[in-house]
Amino acid sequence: MSISATLMIIACGGGGDGHEEPDAQDEWAADSVSLKVAVMPTIDCLPLFVADELGLFERERVSVRLYLYQAQMDCDTALLNGRVDGAMTDLVRAERMQQSGTPLHYATSTNLWWRLLTSRQARIKMLPQLDDKMLAMTRYSGTALLADKLVDSVGLKQERVFRIQVNDVNVRLDMLRTGVMDALLLPEPQATAAMQMESLSLYDSRQSDLCLGVMAFSEAVMRDSLHCKQVDGLLRAYSDACDTLSAKGLSAFRDLIAKCCGVAPVVVDSMQQHVTFATAHEPRQTDIDKAREWLKKQSTLKRD
């Protein structure tokens, strides 16, 4: 299936609110044998877009449908409701889903990272200046974990940095553009788009030994032999796409990134071109443990 066909389905059903229109529901019913994966307009999902574009899924004889959402929370909701079989998410959100009674299988760690960016109007040039400022993120996610980590690193009181939940990555970017938000955590390519607006980057999560991106599938899906084989085929295609991206660089897929991620081609031109994409591999236990420890801390604070 071509990427254009995928995006046509997205237009019917991936409006970012976790709900699909009747036409999209018909698509699901008619294509129940396909492996359905929720994705975001972000660089960690690029290997899936590339695999689709280059026909790598077909080569592996696996039918994959990609459903685009604008917010991580909506990807997770689609997975929880059984509208998709798997989702691109992060370990914090995935571990929280598991703690809430939804067993998941981690198919691979992904190349997901975030930058902390500040508005020009806010005049924040150093992390300590986040005091008494608003920071946009998503609750119970990798961005929330990173926000706590950054606040602690400069000795600020957690309650002195006001966390504002903004789930849609493009809405988050618009808030920076209009000066509504003082600071925010953004993935790529939205982070580069923000930097083109002369926003200042104070932190890149790649600086930390923390890899939170993950592709997760429902354990119920993995118990089905057909879907299990499809996941294996998807991962082979994913790995081949990662190798292609690492060899050719982002510029070779400039138009694809612009289309799938909803940014101008000039944004892609400004991104770091030689980003390495690791082939399919399980997330590190240390990263899973850090996500669990942070969630445990949140539960303790909530009880207190």
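Per chain, residues are indexed from 1 in the order of the written sequence. Note on the predicted model: pLDDT of at least 70 is required for a residue's local features to be given, and 80 or more for side-chain atom pairs to be given and counted; whole-chain, interface and lining totals, by contrast, use all residues. To get the side-chain values, take all heavy atoms of the structure and skip hydrogens and water.

### Here's the deal with the overall build of the protein
Link 1 in the chain: Numbering of helices and strands runs from the N terminus, with a helix taken as a DSSP run of H or I at least four residues long and a strand as a DSSP run of E at least two residues long. Each helix and strand counted, the protein has 14 helices and 10 strands in total.
Link 2 in the chain: Residue pairs in contact within the protein that sit at least 24 positions apart in sequence constitute 79% of those at least 6 positions apart.
Link 3 in the chain: Accessible area of the protein: about 13,200 Å², with a carbon and sulfur share of 50%. Any two residues whose heavy atoms approach within 4.5 Å at even a single point are treated as in contact. To measure how exposed things are, a 1.4 Å probe is used in the Shrake-Rupley method; for residues, cover is taken only from the protein chains shown.

### Details of the pattern of salt bridges
Link 1 in the chain: The salt bridge criterion pairs a side-chain nitrogen of Lys or Arg with a carboxyl oxygen of Asp or Glu, the two atoms within 4 Å. Tallied over the entire structure, the rule returns 16 salt bridges.
Link 2 in the chain: A salt bridge links Glu95 to Arg292; its shortest N-O distance comes to 2.8 Å. In this pair, Glu95 sits in helix H6 (residues 91-99) while Arg292 sits in helix H14 (residues 285-303), placing the two residues 197 residues apart along the sequence.
Link 3 in the chain: Categorising residues by exposure relies on relative accessible area from a 1.4 Å probe, with only protein chains included: less than 20% of the type maximum marks a residue as buried, more than 50% marks it as exposed, and the intermediate range marks it as partly exposed. Using a relative accessible area of 3% as the deciding quantity, one classes Glu95 as buried.
Link 4 in the chain: Residue class for Arg292 comes out partly exposed when judged on its relative accessible area of 38%.
Link 5 in the chain: Two residues, Arg284 and Asp209, come together in a salt bridge whose shortest N-O distance is 2.9 Å.

### Description of the sheet that holds strand S8 (residues 183-187)
What holds strands together in a sheet is hydrogen bonding between their backbones, with the strands either parallel or antiparallel.
Link 1 in the chain: Strands are treated as partners if at least two bridges between them are detected by DSSP. With mixed pairing, 5 strands are arranged side by side in an open sheet as S7-S6-S8-S5-S9. Each edge of the sheet is formed by a strand with only one pairing partner; in this case those strands are strand S7 (161-165) and strand S9 (200-204). In this sheet, neighbouring strand axes are inclined to one another by 30° on average, regardless of whether the strands run parallel or antiparallel.
Link 2 in the chain: Relative to S8, strand S6 (residues 133-137) runs parallel, the two sharing 2 bridges. Bridging across to S8, Ala136 finds its partner in Leu184.
Link 3 in the chain: For helices, the axis comes from a line fit to the C-alpha atoms of the stretch in contact; other axes are also lines fit to C-alpha atoms, and the angle between any two N-to-C directions lies between 0 and 180 degrees. Against the sheet, helix H8 (residues 169-178) makes contact with strand S5 (114-118), S6 and S8, and its axis sits at roughly 140° relative to S8, the strand it touches most.

### Some details on unusual backbone geometry
Link 1 in the chain: The peptide bond linking Glu188 to Pro189 adopts the cis configuration, its omega dihedral lying at 10°.
Link 2 in the chain: At Tyr140, a residue that is not glycine, the phi angle is positive and equals roughly 50°.
Link 3 in the chain: Relative to the helices and strands, Tyr140 is located in the loop between S6 and helix H7 (142-153).

### Quick notes on the environment of Thr118
Link 1 in the chain: Here Thr118 is to be found in strand S5.
Link 2 in the chain: Residues Thr118 and Ser201, spaced 83 residues apart in sequence, show a C-alpha to C-alpha distance of 6.7 Å.
Link 3 in the chain: Look past the residues within four positions of Thr118 in its chain and what remains in contact with it is Ile124, Leu176, Asp182, Ala183, Ser199, Leu200 and Leu202.

### A closer look at the nonpolar core
Link 1 in the chain: Leu46, Leu48, Leu116 and Leu234 are the most contacted members of the largest nonpolar core, which totals 101 residues.
Link 2 in the chain: The element that contributes the greatest number of residues to this core is helix H11 (residues 225-248), accounting for 8 residues.
Link 3 in the chain: In this structure, Leu234 is in contact with Leu35, Val37, Leu48, Phe57, Val62, Val64, Met215 and Phe217, ignoring residues within four places of it in sequence. The nonpolar core is taken to be a set of buried Ala, Val, Leu, Ile, Met, Phe, Trp, Tyr and Cys residues, with the residues joined through side-chain atoms within 4.5 Å.

### Considering helix H3 (residues 46-53)
Link 1 in the chain: Among the 8 residues in H3, 7 count as buried, and that is most of the element.
Link 2 in the chain: What H3 keeps buried is the set Leu46, Pro47, Leu48, Phe49, Val50, Ala51 and Asp52.
Link 3 in the chain: The first or second residue beyond H3 is Gly55, which carries a positive phi of 75°.

### Looking at the environment of Val180
Link 1 in the chain: In this structure, Val180 sits in the loop between H8 and S8.
Link 2 in the chain: C-alpha of Val180 to C-alpha of Ser119: the two residues are 61 residues apart in sequence and 8.6 Å apart in space.
Link 3 in the chain: If we skip the residues at most four places from it in the chain, Val180 touches Met134 and Met175.

### Topic: the sheet that holds strand S4 (residues 104-109)
Link 1 in the chain: The 5 strands are arranged S2-S1-S3-S10-S4 in an open sheet whose pairing can be described as mixed. The open sheet terminates on both sides in strands that have one partner only, identified here as strand S2 (64-68) and S4. Within the sheet, the average angular offset between the axes of one strand and its neighbour, ignoring direction, is 30°.
Link 2 in the chain: Bridge count between strand S1 (residues 35-39) and S2: 5 bridges; the pairing is parallel. Paired with Ala38 across the two strands is Tyr67, which belongs to S2.

### Regarding the pairing of strand S3 (residues 86-90)
Link 1 in the chain: Buried residues dominate S3, accounting for 5 of its 5 residues.
Link 2 in the chain: What you see with S3 is no split at all: Gly86, Met88 and Asp90 on one side and Ala87 and Thr89 on the other are buried throughout.
Link 3 in the chain: For S1 and S3, the ladder comprises 2 bridges, and the chain directions are parallel. When the sheet's bridge partners are listed, Ala38 is paired in S3 with Ala87.
Link 4 in the chain: The sheet contact formed by S3 and strand S10 (residues 213-218) spans 5 bridges and is antiparallel. Across the sheet, the residue bridging to Thr89 is Val214, located in S10.

Nothing here speaks to function; it is geometry throughout.
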